[in-house]
Amino acid sequence: MEITSLDLHILMEELNELEEGFVQKVYQRGEELTIEVYVSGEGKRRLIVGTSYCFLSKYKRDNPERPPGFCMELRKHMGRIDSIEQRGFDRILEIKSGEKTLICEMFGKGNIVLLDGDKVIGAIRQIEFKDRKIVVGEEYEYPEPATDPRELNDIFDAMDGELVRSLAADLSLGGTYAEEICSRLGIEKDRKIEELSDEEKSKVREEFNKLIEASENTEPVIYKDDRELIRAAPFKLETYNNYEIEEFESFSESLDEFFYRREQRAEERKKREKYQEKRNGLERQLEQQERKIEGLQKSSEQNRKIAELIYENYGDLLEIKEAIEKGLENHTWDEVEKRFKEADSELSDRIKDFNEQNRFIVVEVEDETVKATPGEDLKATASGYYDKAKASEAKMEKAKEAKKNTEKQIEELGEEDIEVEDVMEDKTEKRSKKWFEKYRWFKTSEGFLVCAGRDSQTNEMLVKRHMDDNDLYFHADFDGAPSVVLKDGKDAGEKSIEQAAKAAVTFAKTWKAGIGADTVYYVEPDQVTKNPESGEYLPKGAFVIRGDREYIRNVKVDAAIGPAKLDEFYVPMCGPREAIEENCEISVGLKPGRTKKSDIAKTLNRKFADSGCEVDLDYIIRALPPGESEIE
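Cut-offs applied
- Numbering of residues starts from 1 in every chain and runs along the sequence as written.
- Local features in this predicted model are restricted to residues whose pLDDT is 70 or higher, and side-chain atom pairs enter the listing and the counts only when it is 80 or higher, whereas totals over whole chains, interfaces and linings include all residues.
- To get the side-chain values, all heavy atoms of the structure are used, and hydrogens and water are removed first.
- Starting at the N terminus, helices and strands are each numbered in turn, a helix being any DSSP run of H or I of at least four residues and a strand any DSSP run of E of at least two.
- Every residue pair with non-hydrogen atoms within 4.5 Å of one another is taken to be in contact.
- Only a pair of cysteine sulfur atoms within 2.5 Å qualifies as a disulfide here.
- With a 1.4 Å probe rolled over the protein chains alone, any residue whose accessible area is under 20% of its type maximum counts as buried; one over 50% counts as exposed, and the rest are partly exposed.
- Here a patch means residues that are over 30% exposed by relative accessible area and free of salt bridges, tied together within 9 Å if like-charged and within 5 Å if nonpolar (Val, Leu, Ile, Met, Phe, Trp, Tyr).
- Note that accessible areas follow from Shrake-Rupley with a 1.4 Å probe, and for residues the cover is restricted to the protein chains shown.
- When a carboxyl oxygen of Asp or Glu lies within 4 Å of a side-chain nitrogen of Lys or Arg, that pair is called a salt bridge.
- We treat Lys and Arg as the positive residues and Asp and Glu as the negative residues; His and chain ends play no part in the count.
- To locate a charge, take NZ of a lysine, CZ of an arginine, CG of an aspartate or CD of a glutamate.
- Paired strands, as defined in this entry, are two strands with at least two bridges between them according to DSSP.

Let's shift gears to the environment of I155. Checked against the element boundaries, I155 lands in the loop between β11 (133-134) and α3 (163-170). Placed 61 residues apart in sequence, I155 and E216 show a C-alpha to C-alpha distance of 19 Å. Discounting chain neighbours no more than four positions away, the residues touching I155 are P149, L171, V204, R205 and F208.

Let's shift gears to the state of the cysteines. This model, assessed by the stated rule, comprises zero disulfides. Free of any disulfide, C584 has its nearest neighbouring cysteine sulfur in C613, separated by 9.0 Å.

The subject of this paragraph is unusual backbone geometry. Of note in this structure, E366 is not a glycine but carries a positive phi near 55 degrees. Structurally, the position occupied by E366 is in the loop between β16 (360-365) and β17 (368-372). Of the residues examined, E366 reaches a relative accessible area of 53% and is grouped as exposed. Of note, the phi angle at N554 is positive, near 50 degrees, even though the residue is not glycine. Summarising the element assignment, N554 is placed in strand β25 (residues 550-556).

Turning to a negative patch on the surface, a few remarks are in order. A grouping of D118, E128, D131, E138, E139, E141 and E144 is seen on the molecular surface, where their side chains present a negatively charged patch. Looking at where E139 falls in the secondary structure, it is placed in the loop between β11 and α3.

Let us look at the pairing of strand β20 (residues 472-476). In terms of burial, β20 is a largely internal element, five of the five residues being buried. As paired strands, β20 and strand β22 (residues 517-523) are joined by four bridges and run antiparallel to one another. Bridge assignment links H475 to a residue of β22, and that residue is Y521.

It is worth stressing that arrangement in space is one thing and function is another; only the former is reported here.
So this is what it looks like as structure tokens:
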């Protein structure tokens, strides 16, 4: 699938997290780049950019050992990411790093271009179009910008022709979302714009606005038909109702899974085709070996039977052989053959062939025929048949061994077929993360789970997807503080409520500012809403609180960190001291300070390792309170 302008617009909130990060590595596989970015406080992030898609990924790709030249150029020139943005409403992503700009064109055949100022210094492909060219050493020219429908007073000012085509092209929505609008309204896709009534146009405007609004409140999914992946989408689509859905926390995550799984399915198909080809070859070989063994068995039995028949009919055969030998003393083979054919006797009737060229006769003995050579002892003839039987038996044993080897190869191939199923793996994770690890989290000293948002997006996801009726919602009494949810908070004791309140203050800008305490309130889930008063604007990650609030005054910042056991692995848990002391083998106190998070994390990593707890460094950085700190 190709991402649309709207898809890229939705992705930008996640991609903006890379700003001020540092490019550590760049890899290139064909026309796809993997850009590894170290983001302070977040650790390593992985940006995948292709000629028709981009997203953040948790999966490590198998990259070529020898990087292409363009990849080397990027490694050389890309450093700190100063900005990352979508150009207008185009499918163009711009990543600025000092004087260099990486232009990712995700339309048509696509391209990825590196600029120094305005000049092209590298590209996935150099190409010339009618109206512009992308050539190293030349100035880069942007394509004609697409219409940004969000800036139009009336979308129909830019529309013409068939409805679905106009929505897709004139408004830059792409085919999927254009068809979605038509489907929701029940309007035929090929209706002409001029044929629409005022009421129908009004409904189109309304659905268009709903689509744009949905982009601010995403519910990412993958549509699939059994194991076949159909599409990743930032929100649910009516046109894909017949398919199964799998939900995700973010649009980037759904794209990541879609493209990675699709790649793995393709790899699986290749492996299956290779496996089937090999298996078919072995099965053909096995059939040939079985036929050979069967043939050798028959040959052995026949030759042994003939040898035995020679002895059983020794007198008759000897009489025939001696008569022919006597005839050949004075006559030619033709003459002897003629005489025997003219003779009317039982013995002469048993001679079925005279072979002068190879000098043998063929004699019928019961239901078999015996080749007898004039001048050769019949015992030697019988011995020759026994030798042939033994030779067939020896070959048959070898063929049976070869057959066993082929059967073993087929059996081993069967085991390999089972392994083919397991080609999908997360190459960067040793375990499957819990849903709450996307957020800041800890367990209270009473064992209740507390989660806090990291930014506006995770604030929104936490409340919309993971806050249930029995939870409690906490928030420090100032703008920009994180949303905090105490799971099953209505059943929790005073200690858990106090510790959740401390998290609301600790994981906020109070830590960065060095403010020691603040006021926190908590409410029930049904008091938290995304519906503002008429005329008010509610930014992403913000909520309106209805009804009375329970206030807790003078809540002090309080943080400690320690290694907690989760699925047999140690992970860092950061929260109020009492909670960490109760849940972790080691507890290290923290306070606002002037030491960078990365340095604090390294010290903690060594301290945990010395105690026998191996903890991922990047995870420690992510777990620490925002801003600089000191270890107590």
